[in-house]
There are 2 protein chains.
Amino acid sequence: MQATEVESLRVGELEIRPREGLVLARGHALTLSVREFGLLVALASHAGRVVSREELYRLTWGGALRCGDRSCDVYIHKLRAKLERALPDQRFIHTHVGFGYRLDPGASHPFHTASTGR
Amino acid sequence: MQATEVESLRVGELEIRPREGLVLARGHALTLSVREFGLLVALASHAGRVVSREELYRLTWGGALRCGDRSCDVYIHKLRAKLERALPDQRFIHTHVGFGYRLDPGASHPFHTASTGR
DNA sequence: CACGTTGTTCACAGCGCGATCACGACCGCA
DNA sequence: TGCGGTCGTGATCGCGCTGTGAACAACGTG
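Scoring rules and cut-offs
- Within each chain, residues carry numbers counting from 1 in the order of the written sequence.
- The lettering of chains begins at A and the numbering of ligands begins at 1, in the order of writing.
- Per-residue local features are limited, in this predicted model, to residues with pLDDT of at least 70; the limit for side-chain atom pairs, both in listing and counting, is 80 or more; totals at the level of whole chains, interfaces and linings are taken over all residues.
- Each helix is a run of H or I in the DSSP string that is no shorter than four residues. Each strand is a run of E no shorter than two, and both are numbered from the N terminus.
- For the exposure call, what matters is how many other C-beta atoms sit within 10 Å of a residue's own: 20 or more marks it buried, 12 or fewer exposed, and in between partly exposed, using C-beta atoms placed from the backbone.
- Here the contact rule is simple: place C-beta atoms from the backbone, and any two residues whose C-beta atoms are within 7 Å are in contact.
- For each residue, a C-beta position is placed from the backbone atoms; the residue is near a molecule or strand when that point lies within 6 Å of it.
- Any residue that is not Ala, Val, Leu, Ile, Met, Phe, Trp, Tyr, Cys, Pro, Asp, Glu, Lys or Arg is counted as polar, Gly included; the first ten are nonpolar and the last four charged.
- Strand pairing is assigned whenever DSSP identifies at least 2 bridges connecting the two strands.
- Fitting a line to C-alpha atoms yields each axis, with helices limited to the stretch in contact; the angle taken between N-to-C directions then spans 0 to 180 degrees.
- An angle below 35 degrees is read as roughly parallel, one above 145 as roughly antiparallel, one from 65 to 115 as roughly perpendicular, and any other as oblique.
- Starting at the helix axis, one direction is taken to each C-beta atom, and the arc is that of these directions.

Colleague: Hey, could you run me through the overall build of chain A in this one?
Modeller: Tallying secondary structure elements over chain A gives three helices and seven strands in all. In chain A, the succession of helices and strands from N to C terminus is β-β-β-β-α-β-α-α-β-β. Within chain A, the proportion of its 118 residues that are buried is 29%. Restricting to contacts in chain A with at least 6 residues of sequence separation, those with at least 24 account for 47%.

Here you go:
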């Protein structure tokens, strides 16, 4: 799945143009670094699916994720910060503990269950 | 039966993607822990049939169920809670006292069945 | 060279998860 | 009716996974 070959990826109000290195949030442009952009493209090209850190790293950095490497987490954080600044009312990147991350526009947050409500 | 090799399992309005660690309930994502997810996959890969605790434990935890271990019960409970929160009008996990659990979307009566029909 | 940006790594904080325990409800049975 | 076995369910606790800020090095530019 070569995301860089498509003209435009759409995830909710995000429009990503891989070949231009451009991201539009509700129409106006975001300023992302190369890594941030690569990560977003990697996520967007699997939108709605859970992507493991290994996979994200391979797609964005281009190698095997070394044990203990937290680069993904750090950049997920940076990406979240910028996305949230652009669209404060939405949540795009969801964490699936033990599995990876998922990019999803619609649902702000999946069901959350503490333990039978109190 | 290696459930992790199929793309997607469907049980009623549940869609389970073993390789992603993702569950969709009526289209939108659930947040399950690794154990909860493993258990659901174990049940789903035997949907409609009663699965013993020994079998569930072996499939999910990967070892023999020790005498007195209630892990299965506890996680069945957690799973039920999350499924019920997602789809309150349905019951998926049915208890067969003395035998085990059964995952089934439609049926609601867990009667002590000798299953005559079939 | 001075400076701002970016990429990488580290350290610490916070919280979710997994394993277990405890108690109570329920049921079949003598 | 008392007893033992089976389940449901809330609670506890240590640990690992994640979130997050910051330090530092590597560049690119004027």
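Here the narrative resumes, following the displayed structure.
Colleague: Please clarify how the protein's contact with DNA strand C should be interpreted in this entry.
Modeller: For DNA strand C, the set of nearby residues contains 18 residues, the closest of which are S33 and V34 of chain A together with S33, V34 and R35 of chain B. The set of elements that each furnish at least two residues to the surface near DNA strand C consists of α1 (34-44) and α3 (71-86) of chain A together with α1 (34-44) and α3 (71-86) of chain B. Grouping the amino acids of the surface near DNA strand C by side-chain chemistry returns five nonpolar, five polar and eight charged.

Colleague: Just to check I follow, could you spell out the environment of R91 of chain B for this structure?
Modeller: All names here are of chain B. By secondary structure assignment, the location of R91 is in the loop between α3 and β6 (93-96). Judged by the 17 C-beta atoms lying within 10 Å of it, R91 falls in the partly exposed class. For the pair R91 and P105, spaced 14 residues apart in sequence, the C-alpha separation works out to 6.5 Å.

Colleague: Just checking my understanding: could you explain the pairing of strand β3 (residues 22-25) of chain B for this structure?
Modeller: All names here are of chain B. Sheet topology places strand β2 (residues 14-17) next to β3; four bridges connect them, and they run antiparallel. Each bridged residue has a counterpart across the sheet, and for I16 the counterpart in β3 is V23. Between β2 and β3, which pair antiparallel one after the other, the connecting turn spans four residues, and G21 there sits at a positive phi close to 75°. In this structure, β3 lies alongside strand β4 (residues 28-30), joined through three bridges in antiparallel fashion.

Colleague: What exactly am I supposed to notice about the packing of α1 of chain B against α3 of chain B here?
Modeller: Helix-helix packing: each pair is described by the crossing angle between the helix axes and the interaxial distance. Residues and elements named next belong to chain B. At a minimum axis distance of 10 Å, the contact between α1 and α3 shows a crossing angle of 90°. By the angle between their directions, the pair α1 and α3 is classed as roughly perpendicular. For the pair α1 and α3, the contacting residues are R35, E36, L39 and L40 in the first and Y75, I76, K78, L79 and K82 in the second. Residues that form the contact of α1 with α3 fall into these classes: five nonpolar, no polar and four charged.

Colleague: What exactly am I supposed to notice about the sheet that holds strand β5 (residues 50-51) of chain B here?
Modeller: Backbone hydrogen bonds are what pair the strands of a sheet, in a parallel or an antiparallel way. All names here are of chain B. Pairing in this open sheet of three strands is antiparallel, and the strands run β5-β7-β6 from one edge to the other. Each end of this open sheet is capped by a strand with a single partner; those strands are β5 and β6. The pairing of β5 with strand β7 (residues 100-103) spans two bridges and is antiparallel. Bridge pairing in β7 links V50 to R102. Contacting β5, β6 and β7, α1 crosses the sheet at an angle of about 75° to β7.

Colleague: Teacher, can you tell me more about the sheet that holds strand β3 (residues 22-25) of chain A here?
Modeller: The strand order β1-β2-β3-β4 (chain A) describes an open sheet built from four strands, whose pairing is antiparallel. Across the chains shown, the open sheet's two edge strands, defined by having one partner strand only, are β1 (9-11) and β4 (28-29) of chain A.

Colleague: What exactly am I supposed to notice about helix α2 (residues 53-60) of chain A here?
Modeller: Two residues of an α-helix separated by three or four positions point the same way, owing to the 3.6 residues in each turn. All names here are of chain A. Within the sequence span of α2, burial applies to L56, Y57 and T60. Down the axis of α2, the sector holding all buried residues measures 95°, keeping them to one side. The positive-phi residue at the C-terminal boundary of α2 is G62, with phi of around 85°.

Colleague: Just checking my understanding: could you explain the pairing of β6 of chain B for this structure?
Modeller: On a regular strand, each side chain points to the face opposite its neighbour's, so the side chains alternate between the two faces of the sheet. Residue and element names in this part refer to chain B. Here β6 runs beside β7; their pairing, made up of four bridges, is antiparallel. Within β7, the residue paired with I93 across the bridge is L103. Counting the residues that bridge the hairpin from β6 to β7 gives three residues, and of these G98 lies at a positive phi of roughly 90°.

Colleague: Can you walk me through the environment of Y57 of chain B in this structure?
Modeller: Residue and element names in this part refer to chain B. Within the secondary structure, Y57 sits in helix α2 (residues 53-60). With 20 C-beta atoms counted inside 10 Å, the residue Y57 sits in the buried group. Not counting chain neighbours up to four residues away, the residues in contact with Y57 comprise L65, S71 and C72.

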